Amino acid sequence: MGWQDSSSRKMVWKSINEENLNKRKVFIPDAPKQLMQVLLDAGYEAYVVGGCVRDFLLGQEPHDWDICTNALPDQMKECFANYRVIETGLQHGTLTVMVDHVGYEITTYRIDGEYTDHRHPDSVQFVGRLQEDLMRRDFTVNAMAADISGKIRDFYDGQFDLEHKWIRCVGDPDKRFTEDPLRIFRAMRFESKLGFAIEEKTEDSMRRHRYLLQHISAERINTELTGILMGDCYSTLACFPDILSVCIPEIKQCIGFQQNNPHHNRNVWDHTLFAVSVAPKDIYTRLALLYHDIGKPLCYSEDSGVGHFYGHAAVSRDIAEKSLRNLRFDNQTIKLVTQLVEAHDRTIEPRKPVIRRCLNKMGMDQFLRLLDVKEADYAAQAQIYGDRLHKAEILQMTDEIIAAQIQQKDCFTLKDLAVNGNDLIQLGYKPGKKIGMILNQLLEMVIDGIMENDKAKLIDWVKNQKGV
Ligand code: ATP
Ligand code: MG
């Protein structure tokens with residue numbers, strides 16, 4: 001069995017990794033090695049490069065292996081004539097070569113030309129030396145390569161910064177962030193993902209160049225924002241609300257906004273970032289928490305010195321919808337996130353009818369997400385009211401409802417109701433609206449616990465109504 005398919009792959013990886021890490025040599029799996037060998041056999045250079053070298057040295061399994069080479073695009077095509085290839089990036093020097101249905105990006109050494117639109121280099125220039133290619137890469141920890149034997153090439157102190165857990169630009173940060181301001185968000189993503197700190201000059205330059213992010217396409221921002229939120233993002237959100245505000249301007253009002261309410265011991269932004277970072281790493285949950293109180297500054301009122309935010313969930317929901325659309329999130333994400341934002345401050349009583357109704361409205365996955373949102377929200381509030389969520393009780397009841405639903409003894413959707421339209425037709429009802437109304441009425445009673453989900457009992461009830 002190949003190591004890629006092995007169920008104990010993680011274990012295998014760990015032992016390979018430890019052995020090679022001690023020698024500071026990158027262990028390159030068979031598939032990328034084979035592709036490097038093809039290039040070497042044709043007389044070209046070939047190195048694995050970027051994230052895979054970084055992740056290997058961090059003791060993590062790389063999720064993809066990128067290769068760079070001095071072969072020019074046409075020469076690469078010639079080398080891989082017997083492979084299935086995808087040529088979409090060839091203009092920029094990238095050929096994707098397939099091995100066992102996995103694509104490997106192979107890129108000609110290049111330096112990027114001017115970025116006059118701050119989005120794409122106007123041109124790329126192919127170069128002859130590895131060192132020049134590594135110079136165009138964003139951060140020192142991403143600018144290392146390894147040859148086929150695993151020997152590391154590190155011209156910009158990447159290993160030193162990796163050991164000290166620093167994100168530092170390759171070269172002059174001002175120049176690098178002006179060329180491609182997305183790197184500002186990338187630095188934040190790597191800080192959150194790797195738990196590194198951003199080196200001082202790099203950080204200072206990020207802040208000064210943050211307004212250039214306005215020129216970056218929403219799709220590119222979206223990917224990095226998602227990456228930030230899915231990492232250990234507490235300090236990134238705490239340190240860079242000014243940068244995030246360029247893409248989500250409504251955050252600005254939340255920074256330092258005092259709540260003057262005994263529920264809260266943090267201002268709106270501090271509460272938000274705490275809630276996001278204690279939540280499970282699920283993108284819908286974390287986006288919902290990022291936006292859940294964003295409308296609060298617009299809803300503030302005071303009563304005898306106590307702050308209130310009546311209606312803020314609906315205002316936050318509207319802001320979230322607009323903002324997520326601007327950032328080009330897909331419709332499904334927008335739907336799920338806005339539903340959570342809107343519902344985040346509704347009380348969920350630990351009673352089965354309430355839970356059945358929630359399950360009916362949102363489905364199991366989304367209901368569990370809502371519980372996570374509420375739990376994180378409460379965790380980020382002043383702990384003076386004890387357990388207000390009753391999560392354990394709610395989960396217990398949810399389990400009972402689902403277990404009974406499987407045995408067809410409980411239900412929260414029409415699909416699972418023990419009677420259907422045909423049963424009513426057999427009782428003499430004509431196909432039409434009336435049948436739908438009766439079925440819904442039965443479902444309501446089952447949800448409320450007034451009736452069992454039992455076919456005979458439900459039919460009896462219908463007969464009584466009809467006077468049959
Ligand atoms: P991840 O593991 O999260 O994918 P990565 O380092 O592989 O991290 P990618 O976005 O896949 O990140 O990019 C691959 C490599 O290309 C990076 O390691 C870096 O060397 C280089 N790179 C990518 N985007 C940029 C950029 N905007 N500016 C400069 N270099 C970049
Ligand atoms: Mg990558």
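Just above, that's the structure.
What counts, and where the lines are drawn
- Residues numbered from 1 in each chain as written.
- Chains lettered and ligands numbered in written order.
- Predicted model: local features only at pLDDT ≥ 70, side-chain atom pairs only at ≥ 80, totals over all residues.
- Heavy atoms only, no water.
- Near = heavy atom within 4 Å.
- Polar contact = N/O pair within 3.5 Å; in protein donor to acceptor, adjacent residues only side chain to side chain.
- Areas by Shrake-Rupley, 256 points an atom, 1.4 Å probe, with all protein chains shown as cover.
- Helix = DSSP H or I, 4+ residues; strand = E, 2+ residues; numbered from the N terminus.
- Nonpolar A, V, L, I, M, F, W, Y, C, P; charged D, E, K, R; others polar.
- Core = buried A, V, L, I, M, F, W, Y, C linked by side-chain atoms within 4.5 Å.
- Buried < 20%, exposed > 50% of the residue type's maximum accessible area, 1.4 Å probe, protein only.
- Domains from an automatic or database assignment.
- Contact = heavy atoms within 4.5 Å.
- Salt bridge = Lys/Arg side-chain N within 4 Å of Asp/Glu carboxyl O.

1. As for the site of ligand 1
If you check the shell around ligand 1, you find 16 residues, and the closest are Arg-54, His-63, Asp-180, Arg-183 and Arg-189. Within the side chain of Arg-186, a nitrogen or oxygen atom sits 2.9 Å from an oxygen atom of ligand 1. A total of 590 Å² of accessible area belongs to ligand 1 in isolation, and the protein chains cover 80% of it. Residue assignment for the shell around ligand 1 shows that the elements contributing at least two residues are helix 3 (51-57) and helix 8 (182-194). Ranked by the residues each element gives to the shell around ligand 1, the list is headed by helix 8, at five residues. Residues belonging to the shell around ligand 1 are distributed by class as follows: one nonpolar, four polar and eleven charged.

2. Details of the nonpolar core
One finds Phe-185 and Tyr-291 to be the most contacted residues of the largest nonpolar core, which totals 101 residues. Per element, the largest residue contribution to this core is ten residues, and it comes from helix 18 (residues 352-379). Counting residues domain by domain, this core receives three or more from each of domain 1 (20-164) and domain 2 (278-409). Aside from chain neighbours lying at most four places away, what touches Tyr-291 is Ile-248, Ser-316, Ala-320, Ser-323, Leu-324, Leu-327 and Val-341. Of all hydrophobic cores here, the second largest spans 18 residues; its members include Leu-417, Tyr-429, Ile-435 and Met-451.

3. Overview of the environment of Leu-370
Its place among the elements puts Leu-370 in helix 18. According to the relative accessible area criterion, Leu-370 is buried, its value standing at 4%. C-alpha of Leu-370 to C-alpha of Cys-358: the two residues are twelve residues apart in sequence and 9.7 Å apart in space.

4. Some details on the pattern of salt bridges
As enumerated under the stated definition, the model contains 38 salt bridges in all. As a salt-bridge pair, Glu-224 and Arg-189 come within 2.5 Å of each other at their nearest N and O atoms. Within this pair, whereas Glu-224 is found in helix 10 (residues 218-229), its partner Arg-189 is found in helix 8, the two being separated by 35 residues in sequence. With a relative accessible area of 5%, Glu-224 lands in the buried category. According to the relative accessible area criterion, Arg-189 is buried, its value standing at 17%. Across the pair Asp-448 and Arg-357 runs a salt bridge, and its minimum N-O distance is 2.5 Å. Here the residue Asp-448 occupies a position in helix 21 (residues 433-448), and Arg-357 occupies one in helix 18, the gap between them amounting to 91 residues. The exposure class assigned to Asp-448 is partly exposed, which follows from its relative accessible area of 34%. When salt bridges with common partners are traced through the structure, they connect Arg-317, Asp-318, Glu-321, Arg-325 and Glu-342 into a single cluster.

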